[in-house]
Amino acid sequence: LFSVYFNFILVYIILFFIGIGLFVTVIPKYYRDDNYCLFISPILGLIMVTIVGGYIITFSLNIGYLVAAALFYSTIIFLISSKRSEIFYLLNKTVSDLNNHALYYIFIPFFIVLILLLPNVIYPYTSFYRIGPDLSLYAKMTQFLFDGGTLSEARLRASEFTNLSVGDINRYGDASAT
């Protein structure tokens with residue numbers, strides 16, 4: 001259970017620091033509520049990772065460039081002095097208000113994450129959230145991209161899988177180590 005929460009906290013922190021740059025640049029000051037930056041920033045980070053990752057996959061680039069692109073964007077935003085001061089203001093305000101809003105910031109998200117991840121903690125070798133025969137194909141494509149494959153390479157091999165059922169594709173993919 002500890003490793004699940006550790007991974008969640010690690011991903012949350014990474015998405016928070018990616019998203020806080022969007023929070024201070026995209027959302028106008030008159031529209032945003034700074035008390036919610038702990039919730040909105042990771043969501044914006046996830047949106048950014050999804051969009052930029054989609055473009056990286058579409059242009060047949062190595063998915064490892066996503067980390068470099070997110071780091072580059074965050075660094076550029078941090079180098080702008082007005083945005084940097086806004087980020088520090090938000091962080092200081094959040095830390096000072098943490099005692100007043102501890103229930104919202106810590107306990108409620110903790111229990112929501114616990115409830116969402118509990119089935120995977122109890123049965124770690126099953127997936128409760130992506131159900132269907134295409135789950136293994138998504139996992140195979142994710143592993144293919146993670147191993148350095150590109151969309152154009154996958155398209156070159158697509159004809160090998162024409163008219164195969166999902167089970168046949170899985171068997172063929174396992175046999176050919178794709």
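Residues numbered from 1 in each chain as written. Predicted model: local features only at pLDDT ≥ 70, side-chain atom pairs only at ≥ 80, totals over all residues. Heavy atoms only, no water.

S.K.: Looking at this structure, I do not really get the nonpolar core. What am I missing?
M.R.: Soluble, globular proteins show a tendency: their nonpolar side chains are buried together. Residues Phe-23, Val-24 and Leu-90 are the most contacted members of the largest nonpolar core, which totals 16 residues. Secondary structure elements with two or more residues in this core: helix 1 (2-26), helix 2 (37-58), helix 3 (65-79) and helix 4 (81-97). Take this core: its biggest share by element is six residues, from helix 1. Setting aside residues up to four positions removed in sequence, Leu-90 forms contacts with Ile-20, Phe-23, Val-24, Asp-34 and Cys-37. (Core = buried A, V, L, I, M, F, W, Y, C linked by side-chain atoms within 4.5 Å. Buried < 20%, exposed > 50% of the residue type's maximum accessible area, 1.4 Å probe, protein only. Helix = DSSP H or I, 4+ residues; strand = E, 2+ residues; numbered from the N terminus. Contact = heavy atoms within 4.5 Å.)

S.K.: Which parts of the structure should I look at to understand unusual backbone geometry?
M.R.: Glycine aside, residues mostly have negative phi angles, and peptide bonds mostly take the trans form. Here the phi dihedral of Ser-60 falls at roughly 55°; this positive angle occurs in a residue that is not glycine. As for its placement among the helices and strands, Ser-60 is situated in the loop between helix 2 and helix 3.

S.K.: Please clarify how a nonpolar patch on the surface should be interpreted in this entry.
M.R.: On the surface, a nonpolar cluster with roughly 740 Å² of combined accessible area is contributed by Ile-43, Ile-47, Ile-51, Tyr-55, Phe-59, Leu-61 and Tyr-65. Element by element, the count of residues in the nonpolar patch is highest for helix 2, at four residues. Within the secondary structure, Phe-59 sits in the loop between helix 2 and helix 3. (Patch = residues over 30% accessible without salt bridge, like charges linked within 9 Å, V, L, I, M, F, W, Y side chains within 5 Å. Areas by Shrake-Rupley, 256 points an atom, 1.4 Å probe, with all protein chains shown as cover. Salt bridge = Lys/Arg side-chain N within 4 Å of Asp/Glu carboxyl O.)

S.K.: What is the right way to read the packing of aromatic side chains from this model?
M.R.: Centre distance and the angle of the planes are the two values used to describe a pair of aromatic rings. Tallying each qualifying case throughout the model produces four aromatic pairs. Each ring, one from Tyr-55 and one from Phe-59, has its centre 6.1 Å from the other, and the planes form 25°; the classification is stacked. Across the pair, exposure class does not vary: Tyr-55 and Phe-59 are exposed alike. Ring centres of Phe-78 and Phe-88 lie 5.6 Å apart, and the angle between their planes is 80°; on these two criteria the pair is classed as edge-to-face. In this pair, Phe-78 sits in helix 3 while Phe-88 sits in helix 4, placing the two residues ten residues apart along the sequence. The rings of Tyr-12, Phe-16 and Phe-17 are connected pair by pair, giving a single aromatic cluster. Taking NZ or CZ as reference, Arg-84 lies 5.9 Å from the ring centre of Phe-78, over its face. (Phe/Tyr/Trp six-rings, centres within 6.5 Å; stacked < 30°, edge-to-face > 60°. Lys NZ or Arg CZ within 6 Å of the ring centre and 35° of its normal.)

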